[in-house]
Amino acid sequence: MRLIDFFGKTVKPYKLRGCGIFHTRSTGKVDDNIYSLAQWDVNYYAFQKGTDVILIDSGYDNYPHPERNEAKIGLEPDWVKAVFLTHADMDHAGGVIDTNNRFKNATVYIHEKERDMLSGVEKRFKKGPFGFKNPIRRTSGYKLLKDHDVVHVGEIKVQLIHTPGHTYGHSAYIVEDRVLFTGDAIAVNEKGGYCFFNFYNMDTRLNIQSLKKLKNICRQYDIDTICTAHSGVWHDIEHVFRNIETVAVGTKKKPFDRSAPRDIFSSTVNGTAPER
């Protein structure tokens, strides 16, 4: 097991207990097109229009029985025509890696600057003289996109918005000109949205610039729903972008989201956040 893999799957659940950093939405229907899927601390999402189904991210590679979650929303993996990855971290790209490709009929899309992360060339964490590679691998069978590229999957329109900072290829997606999927660009609580937690970012200053970009883009579209990876689903757009120049912080003494489960990684927790 690689060091990052060990940290993400063993150390992180213990260290973050009680910090209120993650508050996912339960698996279920968001609206007539959007469905949330909860895996411990992360949400990935299905979007359906007619017979066309896409995913935004794909969850962990080691989440037990993901098909049970998908069955709750009536989703069969073979129906998915495309998976749009926000970035290549283990909790987002685990469902489409070489050794665990659950969506075999889907075309995988990712920003071109995330390719080296997905292939293991670029180091995910660099601390002083030490560097640690991302444990996630997909060596082929995906398509690279650039900022503002538009992809049509059947009837569904998807536009990539490059939002570097969390990783250098991190991207958000606008679907059908009304739904924004943010990935790990932002963390949101009852006081508003903040730049994602510094420890997990490759470049926090760049992340803040990306959030300013997203805020301006949202003004150009009729966005009615914002789906985050770790803070659930929001409909108050102004609230989501309220504190984006401030970096989110959560500790056991001062949790980031006091309404979040104490232990989001518990096997008895499958997301708890309502739509807000």
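As the structure is a computational prediction, the values presented were derived from the model and not from experiment.

A.B. asks: Even after reading the chapter, I still don't get the pairing of strand S14 (residues 186-189), so can you show me in this structure?
C.D. replies: Remember that side chains alternate between the two faces of the sheet whenever the strand is regular. On S14, burial covers both faces: Ile186 and Val188 on one face and Ala187 and Asn189 on the other are all buried. Two strands pair when backbone bridges link them, and S14 and strand S15 (residues 192-195) are joined in this way by four bridges, in the antiparallel orientation. Paired with Ala187 across the two strands is Tyr194, which belongs to S15.

A.B. asks: Even after reading the chapter, I still don't get the sheet that holds S15, so can you show me in this structure?
C.D. replies: Whether parallel or antiparallel, the strands of a sheet pair through hydrogen bonds between backbone atoms. With mixed pairing, the three strands of this open sheet are ordered in space as S14-S15-S18. Of all the strands in the sheet, just S14 and strand S18 (243-247) have a single pairing partner and so form its edges. Neighbour-to-neighbour, the strand axes of this sheet turn through a mean angle of 40°, independent of strand direction. Where S15 and S18 come together, two bridges link them in parallel fashion. For Cys195, the partnering residue across the bridge sits in S18 and is Val247.

A.B. asks: Please clarify how the side chain of His162 should be interpreted in this entry.
C.D. replies: Considering the arrangement of structural elements, one finds His162 in strand S11 (residues 156-162). Note on His162: relative accessible area 10%, which makes it buried. Once residues lying within four places of it in the same chain are set aside, the contact partners of His162 are His111, Lys113, Asp147, Tyr168, Gly169, His170, Ser171 and Lys213.

A.B. asks: Please explain the side chain of Thr167 as it appears in this structure.
C.D. replies: One can find Thr167 in the loop between S11 and strand S12 (171-175). Within the local environment of Thr167, its side chain forms a polar contact with the side chain of Glu114, the two groups lying 2.9 Å apart. Leave out the neighbours within four places in its chain, and Thr167 touches His87, Asp89, Glu114, Met117, Arg124 and Met202.

A.B. asks: Please clarify how the packing of aromatic side chains should be interpreted in this entry.
C.D. replies: The geometry of an aromatic ring pair is captured by two quantities: the separation of the ring centres and the angle between the planes. Applying the stated rule across the entire model yields 11 aromatic pairs. Ring centres 5.6 Å apart and planes at 80° place the aromatic pair Tyr194 and Phe256 in the edge-to-face group. In this pair, Tyr194 sits in strand S15 while Phe256 sits in the segment after S18, placing the two residues 62 residues apart along the sequence. When its relative accessible area of 6% is taken as the criterion, Phe256 is described as buried.

A.B. asks: What am I meant to see in the nonpolar core here?
C.D. replies: Note on soluble globular proteins: their nonpolar side chains tend to be buried together. The biggest cluster of nonpolar side chains holds 44 residues, and the ones touching the most others in it are Leu55, Val80, Val83 and Phe197. At the level of secondary structure, the elements contributing two or more residues to this core comprise strand S2 (34-39), strand S3 (42-49), strand S4 (52-56), strand S5 (80-84), helix H3 (90-93), strand S6 (107-111) and helix H4 (115-119). If you tally residues by element for this core, the top one is S3, at three residues. Beyond its immediate chain neighbours, meaning those up to four positions away, Val83 contacts Leu55, Asp57, Ser58, Val96, Phe103, Ala106, Thr107, Val108 and Tyr109. Of all hydrophobic cores here, the second largest spans 21 residues; its members include Val30, Ile54, Ile56 and Val233.

A.B. asks: Please explain the environment of Glu155 as it appears in this structure.
C.D. replies: Looking at where Glu155 falls in the secondary structure, it is placed in the loop between strand S10 (150-153) and S11. In sequence terms Glu155 and Thr99 are 56 residues apart; their C-alpha atoms lie 30 Å from each other. The residues contacting Glu155, other than those within four sequence positions of it, are Lys49, Asp52 and Glu176.

How each quantity is defined
Residues numbered from 1 in each chain as written. Predicted model: local features only at pLDDT ≥ 70, side-chain atom pairs only at ≥ 80, totals over all residues. Heavy atoms only, no water. Buried < 20%, exposed > 50% of the residue type's maximum accessible area, 1.4 Å probe, protein only. Helix = DSSP H or I, 4+ residues; strand = E, 2+ residues; numbered from the N terminus. Pairing = 2+ DSSP bridges. Axes fitted to C-alpha atoms, helices over the stretch in contact; angles between N-to-C directions. Contact = heavy atoms within 4.5 Å. Polar contact = N/O pair within 3.5 Å; in protein donor to acceptor, adjacent residues only side chain to side chain. Phe/Tyr/Trp six-rings, centres within 6.5 Å; stacked < 30°, edge-to-face > 60°. Core = buried A, V, L, I, M, F, W, Y, C linked by side-chain atoms within 4.5 Å.

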